[in-house]
Amino acid sequence: MININKNINLLNYDKSFKSNMESFKSNYVSTVQVNKEKNNQNSNISLGSPLIIAKNLTKQYNGKAAVNNLNLTINKGEIFGLLGPNGAGKSTFILMLLGLTEPTSGQITVAGFNSTKEPIRVKRITGYLPERLGFYEDLTARQNLKYTAELNGIPEREIENKIQEVLEIVGLDNVKNNLVSTFSKGMKKRLGIADVLIKDPQLAILDEPTEGLDIKIANQILDNIKILNKEKNITFLISSHQLNLIQKICSRIGIMSKGKLIGEVKIDLLSRGLFGEGRYIIEIEVSNITDEVLNKIKEIDKVVKVNKKDNVIEVISDEDIRPQISKIIVDNNLLLTRMNIKDSSLEEIYLKYFKED
Ligand SMILES: Nc1ncnc2c1ncn2[C@@H]1O[C@H](COP(=O)(O)OP(=O)(O)OP(=O)(O)O)[C@@H](O)[C@H]1O
Ligand SMILES: [Mg+2]
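Throughout what follows, the structure given in this document is the object of discussion. (Residues numbered from 1 in each chain as written. Chains lettered and ligands numbered in written order. Predicted model: local features only at pLDDT ≥ 70, side-chain atom pairs only at ≥ 80, totals over all residues.)

**Here we look at the site of ligand 1**
The local shell around ligand 1 consists of Tyr-61, Ala-66, Gly-84, Asn-86, Gly-87, Ala-88, Gly-89, Lys-90, Ser-91 and Thr-92. Here the shell around ligand 1 gets three residues from one element, more than from any other, and that element is helix α3 (residues 90-97). For the shell around ligand 1, a count of residues per class yields three nonpolar, six polar and one charged. (Near = placed C-beta within 6 Å. Helix = DSSP H or I, 4+ residues; strand = E, 2+ residues; numbered from the N terminus. Nonpolar A, V, L, I, M, F, W, Y, C, P; charged D, E, K, R; others polar.)

**Considerations on the pairing of strand β3 (residues 79-83)**
A large share of β3 lies buried, amounting to five of its five residues. Of the two faces of β3, the one lined by Ile-79, Gly-81 and Leu-83 and the one lined by Phe-80 and Leu-82 are each fully buried. In this structure, β3 lies alongside strand β9 (residues 252-257), joined through four bridges in parallel fashion. Bridging from a neighbouring strand, Leu-82 pairs with Gly-254 of β9. (Buried ≥ 20, exposed ≤ 12 C-beta atoms within 10 Å, placed from the backbone. Pairing = 2+ DSSP bridges.)

**Focus: the nonpolar core**
Counting residues in each nonpolar core, the largest one holds 74 residues, and the members touching the most others are Leu-97, Val-166, Leu-191, Ala-194, Ile-205 and Phe-236. Non-local contacts of Leu-97, meaning those with residues more than four positions away in its chain, are made with Ile-52, Ile-108, Val-110, Ser-115 and Ile-205. By size, the runner-up hydrophobic cluster in this structure holds twelve residues, among which are Ile-284, Val-286, Ile-325 and Ile-329. (Core = buried A, V, L, I, M, F, W, Y, C linked by C-beta atoms within 7 Å. Contact = placed C-beta atoms within 7 Å.)

**As for the environment of Val-122**
As for its placement among the helices and strands, Val-122 is situated in helix α4 (residues 119-125). The exposure class of Val-122 is buried, given the 25 C-beta atoms found within 10 Å. The spacing of Val-122 and Leu-203 is 81 residues in sequence and 9.4 Å in space, taken between C-alpha atoms. Setting aside anything within four residues of it in sequence, one finds Val-122 in contact with Leu-98, Gly-99, Val-110, Phe-113 and Ser-115.

**Details of the sheet that holds strand β5 (residues 113-114)**
If you trace the four strands from one edge of the open sheet to the other, you get β2-β1-β4-β5, paired in antiparallel fashion. Bordering the open sheet on either side are β2 (64-75) and β5, each of which pairs with just one other strand. Pairing analysis gives eight bridges linking strand β1 (residues 50-61) to β2, with the strands arranged antiparallel. Considered in β2, the bridge of Ile-52 is made with Ile-74.

**Things to note about unusual backbone geometry**
Despite not being glycine, Ala-111 shows a phi value in the positive range, around 50 degrees. A positive phi angle, near 55 degrees, is found at Asn-333, a position not held by glycine. Tracing the backbone shows Asn-333 in the loop between α12 (322-331) and β15 (336-341). Accessibility expressed as a C-beta count within 10 Å gives 8 for Asn-333, which makes it exposed.

**Topic: the pairing of strand β13 (residues 303-309)**
Sparse coverage of β13 is indicated by the burial of zero of its seven residues. As judged from the six bridges shared by β13 and strand β14 (residues 312-317), these two strands associate in the antiparallel manner. Of the residues in β14, the one forming a bridge with Val-303 is Ser-317. Between β13 and β14, which pair antiparallel in sequence order, lie two residues; one of them, Asp-310, sits at a positive phi of approximately 50 degrees.

Have a look at this one:
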């Protein structure tokens, strides 16, 4: 096994809760037998190949769609962020993925297993941190993890080592014998992550993993997610409202609104100055912009749109066409005072989607 603990930040902490983790756990009881078979048929999905596939996935509550005809593929090895305002359908999507609620129509598969028809197989390879954590408050951290480990069919002789390993990852090994009722919110969240990791999942679903945590702890948790992704190839699906945090670790972000996926952002493109699905925004400041210059810029191949605000021109294009633009400006004897590729933050993109919504 890879020893990743040396690279993991040991976490410090923070206060309290209880809920649908228990229903998720109780679902596990029936999985114990299957887990004991310990077959490896799921590990044949290679990095970069589809792990989660949602096709025309729809869930209606009282005739109203919470998830509406959603199509989404998430590949093995990705850290995929699911963003969207309250009520967008993020948690409903996650519940269908885990087989905890049935789609009204459409389907979702994880590693080739249909979440609705084969939920036990999906749960065997998936760890889930629910929005609201539910631990046994009158048990210690160690006892709670032991319970999860047993439910997941981890062999008795491996359990104590495994508990120690995951507690060290989240920095709770020094309080492992304390009752969960004495834990702060941040400590419970970290115990929740340990609870996800103890089964060595291929896929970890984290619903709001950093909500309510102070920024230092939140960052440490995100750092650890990144390391686990790299070193253990765990695929992460993270739902969050915290754009700045999610931008730091996700490779790809899906923006959800009213049950639909309305946009996708590739973070590597974003950091290279590309907007949304790969477009550049070039800002140019020129003395006395003329219509002739504007028209010539519009005619450059790959230009999608040209906007003018006072003496600033904003060009949206599919390629970096700065050389062609400066040539036009110089040829027209104008003075170019500034030209740069505009960085777009995830927040700007996110707000743009909702402006157009
Ligand atoms: N069990 C339910 N019964 C009826 N309606 C529900 C149920 N669960 C969710 N909904 C509705 O479905 C929609 C999507 O809810 P969901 O919880 O999936 O949103 P979300 O994106 O997770 O929101 P948040 O960011 O607040 O967690 C909402 O309009 C919600 O009221
Ligand atoms: Mg939710």
